[in-house]
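The chain contents come next:
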Amino acid sequence: MAGAISLEFYERTWRAAFRRARSPVEGTLLPDTEAQAIVEDIFDRLLTRFQQMPAEAEFTSEAIETAIDASRHHIASQRLAQGDPNLYHNPEDRRYPANLKLDHLQKRDSDDAFSSREWNSLDPLLRPLCFHLLQRKGITGADAEDVYNETFAELARLRPSDQRAPIESISLFEEIVPLFSKMIQFRSIDWMRRRGAQKNQPNTQSSIEELTEREDHAMQFEETGSNPHSSADELSFDQIYRQCEDALTTFEWELVFTIHVSQSATMGDLLEKDHILSELGLNSRDSTSKKRRILNDTLEAALKKLAFCLQN
């Protein structure tokens, strides 16, 4: 533990926290006065809480992460209060014409379905962005349409673990693009693995002519090493789960799926949930750095168990 805080370190950390408070999410921008008020409040609370100055890395991490969370909450609450979804949106962000009403997108009806008309406007907003991403990955035409539609439907699908949908994991509309992009990327990887596995299986062509007459689609005969389940790199998540279901606890599977499979929440999002903190043996009063360290350790241990299971 360090003793007194140095002025140089204080100023450096303050500037870093201020930058993140001004723009906690890409596409957002707070006025300097409001970002300054947020950071000043955070530093007052941090310096009051710490009896002794902690390690510089811990203090910096705590200050920046708290600034991001506080700024996101400030923007979200002000948008709701003023009924303006584009309040604090950066005018230089031209990825799409305007923000949609996130509270409408996140509203469920009596059947727990997301039935707001705002969803009709979300599809044309996300479609061009994500089809461009799929095209770069070599997925086009009907295949791209299938991958996109599956991912779009997943945005509103409730997870069995906590009965929440990915759309409910964000607090600002600007987060929808990185969230959906991550979901598209993972689903496209799974699509390419399935396509690769299908090509490695014998006699998977669509017609007799393709099997026998087309030179580039001559009949295949399965080789010893072509089993699609022979390599962990070729397995889909469903196949991994079936093989290693007993290797992890229900909670460990929840972490792996949320962070690495659906990518529907960040670690920061998870650490805002009471049941996650309880499972980790933490409480809301623990420091952000401690929470992240425990969550990282738990997730790393789960991945090591999976690796051991797949290798044996």
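Each chain has its residues counted from 1, running along the sequence as written. Where local features are concerned, this predicted model is filtered to residues with pLDDT of at least 70; where side-chain atom pairs are given and counted, the filter is 80 or more; whole-chain, interface and lining totals use all residues. For side-chain calculations, the full set of non-hydrogen atoms in the structure is used, while hydrogens and water are omitted.

Participant: Go over the nonpolar core with me, naming the residues and quoting the values.
Facilitator: Counting 29 residues, the largest nonpolar core has Leu122, Leu126, Leu155, Ile167 and Ile176 as the members making the most contacts within it. At the level of elements, helix H4 (102-105), helix H5 (118-136), helix H6 (141-155) and helix H7 (176-200) are the ones that each hand at least two residues to this core. Any two residues having at least one pair of non-hydrogen atoms within 4.5 Å are treated as being in contact. In contact with Leu122, other than residues within four places in its own chain, are Leu100, Leu105, Phe152, Leu155, Phe173 and Ile176. Of all hydrophobic cores here, the second largest spans 22 residues; its members include Ala35, Ala67, Leu87 and Tyr88. To qualify as a nonpolar core, a set must consist of buried Ala, Val, Leu, Ile, Met, Phe, Trp, Tyr and Cys residues joined through side-chain atoms within 4.5 Å. Each residue is assigned to one of three classes by its accessible area relative to the maximum for its type, calculated with a 1.4 Å probe on protein chains only: buried under 20%, partly exposed between the two thresholds, exposed over 50%. Runs of H or I in DSSP of at least four residues are treated as helices and runs of E of at least two as strands, each being numbered from the N terminus.

Participant: Could you give an account of the confidence of the model for the chain, naming the residues involved and the relevant values?
Facilitator: pLDDT expresses how confident the predictor is about each individual residue, on a scale running from 0 to 100. Per-residue confidence for the chain averages 81 on the pLDDT scale, and 82% of its residues sit at or above 70. Averaged pLDDT values over the elements of the chain bottom out at 41 in helix H8 (residues 208-212) and peak at 96 in H4.

Participant: Give a detailed account of the pattern of salt bridges, specifying residues and quantitative values.
Facilitator: Here, a salt bridge means any side-chain nitrogen of Lys or Arg that lies within 4 Å of a carboxyl oxygen of Asp or Glu. Under the definition given, this model contains 19 salt bridges. When the shortest N-O distance is used, the salt bridge between Lys305 and Glu252 registers 2.9 Å. You can see Lys305 sitting in helix H13 (residues 288-311) and its partner Glu252 sitting in helix H10 (residues 250-261), a full 53 residues away along the chain. Residue Lys305 is classed as partly exposed on the basis of its relative accessible area, which comes to 35%. Accessibility expressed as a relative area gives 9% for Glu252, which makes it buried. Its salt-bridge partner being Glu300, residue Lys304 comes within 3.5 Å of it at the nearest N-O pair.

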